[in-house]
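# Descriptive structure summary
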Amino acid sequence: MESRRAAGMVADRAVVLPVSEPVARAPRWTIHCDGTALPRGARAGLGAVLLGPDGERHTLSEVAVVAGRLGCANQAETLALIAALRAAARLGARAVDVRCDSAFVVTEARGARTQKEPLAGLTAESRRLLSGFEEAEVSWVPRRRNGEADALARGAVGLGPKGVVMRPRKGR
């Protein structure tokens, strides 16, 4: 009985707060990005597909020239993320969902800290760019669901699609 009385007293003194208006979310852009590192070189292929909330579609396929030697595939993947985020910002995106097939890039973008340069500087730059959006999410996708970004990255450095060996034609 005491517990009912106590519950009734609390209910009698409940404060009703006004319901706030729902906050409008920024229209979201979907970005697929991928990077390709060339062995024995200082070039990386960067590829991205940016899909606007109204269905507009933009692609990015470019070569990044790295001072010295390109360290690893993770460096190329991170450079691709940076290039894609810069492109999205130029296009006016305020909220982004980034999809990448690199577990390293996803983990780093979510806050893990790499201690080795040049990756530490690149991941810090990617996090800085992500923080410039009202909302940003980075998630991993299987390689098979990132094929167009991969093809754009490979095409930027003159490579064909994975699984296809391109041989120069011999003169006739």
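Everything numeric here is computed off the predicted structure, so don't read it as measured data. (Residues numbered from 1 in each chain as written. Predicted model: local features only at pLDDT ≥ 70, side-chain atom pairs only at ≥ 80, totals over all residues. Heavy atoms only, no water.)

### Observations concerning the environment of Thr107
Residue placement: Thr107 occurs in helix 3 (residues 103–109). Sequence separation of Thr107 and Thr123 is 16 residues, and the distance between their C-alpha atoms is 10.0 Å. Polar side-chain contacts of Thr107 include one of 2.8 Å to the backbone oxygen of Ala103. (Helix = DSSP H or I, 4+ residues; strand = E, 2+ residues; numbered from the N terminus. Polar contact = N/O pair within 3.5 Å; in protein donor to acceptor, adjacent residues only side chain to side chain.)

### Digging into the packing of helix 2 (residues 73–90) against helix 4 (residues 119–131)
It is the contact of helix 2 with helix 4, at a shortest axis distance of 10 Å, that shows an interaxial angle of 25°. Regarding the angle of helix 2 to helix 4, the classification is roughly parallel. Like other packed secondary-structure pairs, helix 2 and helix 4 cross with a definite hand, here left-handed. Here helix 2 contributes Asn74, Gln75, Thr78, Leu79, Leu81, Ile82, Leu85 and Arg86 to the contact with helix 4, which in turn contributes Leu119, Leu122, Thr123, Glu125, Ser126, Leu129 and Leu130. Counted by class, the contact of helix 2 with helix 4 contains 8 nonpolar, 5 polar and 2 charged residues. (Axes fitted to C-alpha atoms, helices over the stretch in contact; angles between N-to-C directions. Parallel < 35°, antiparallel > 145°, perpendicular 65-115°, else oblique. Left-handed = near helix turned anticlockwise from the far one by under 90°. Contact = heavy atoms within 4.5 Å. Nonpolar A, V, L, I, M, F, W, Y, C, P; charged D, E, K, R; others polar.)

### Description of the environment of Ala120
Locating Ala120 in the fold gives a position in helix 4. Expressed as a C-alpha distance, the spacing of Ala120 and Gln75, which sit 45 residues apart in the sequence, is 9.8 Å.

### Thoughts on the nonpolar core
The nonpolar side chains of a soluble globular protein tend to be buried, and buried together. Membership of the largest hydrophobic core comes to 32 residues, with the highest contact counts inside it found for Leu46, Leu85, Val96 and Val98. Contributing elements (two or more residues each) for this core: strand 1 (28–37), strand 2 (43–51), strand 3 (57–65), helix 2, strand 4 (95–100), helix 3 and helix 4. Broken down by element, the residue count for this core peaks at 10 residues, all from helix 2. When residues no more than four places from it in sequence are discounted, the contact partners of Val98 are Ile31, Cys33, Leu81, Leu85, Glu137, Val138 and Ser139. (Core = buried A, V, L, I, M, F, W, Y, C linked by side-chain atoms within 4.5 Å. Buried < 20%, exposed > 50% of the residue type's maximum accessible area, 1.4 Å probe, protein only.)

### A word on the pairing of strand 4
Counting buried residues in strand 4 gives 5 out of 6 residues, a clear majority hidden from the surface. With 6 bridges connecting them, strand 1 and strand 4 associate as parallel partners. Across the sheet, the residue bridging to His32 is Arg99, located in strand 4. Two elements, strand 4 and strand 5 (residues 135–140), share 6 bridges in a ladder whose sense is parallel. (Pairing = 2+ DSSP bridges.)

### A short note on the pairing of strand 3
Here is the key point about a regular strand: its side chains alternate between the two faces of the sheet. One ladder, built from 9 bridges, connects strand 2 with strand 3; its direction is antiparallel. Across the sheet, the residue bridging to Val49 is Thr59, located in strand 3. Taking the residues between adjacent antiparallel strands as the criterion, strand 2 and strand 3 are bridged by 5 residues, where Gly55 takes a positive phi near 95°.

### Looking at the sheet that holds strand 4
Remark on secondary structure: sheet strands pair via backbone hydrogen bonds, oriented parallel or antiparallel. Spatially, the 5 strands line up as an open sheet ordered 3-2-1-4-5, and their pairing is mixed. Each edge of the sheet is formed by a strand with only one pairing partner; in this case those strands are strand 3 and strand 5. Geometrically, the sheet is characterised by an average inter-axis angle of 20° between neighbouring strands, direction not taken into account. With respect to the sheet, helix 2 is in contact with strand 1, strand 2, strand 3 and strand 4, its orientation differing from that of strand 1 by roughly 150°.

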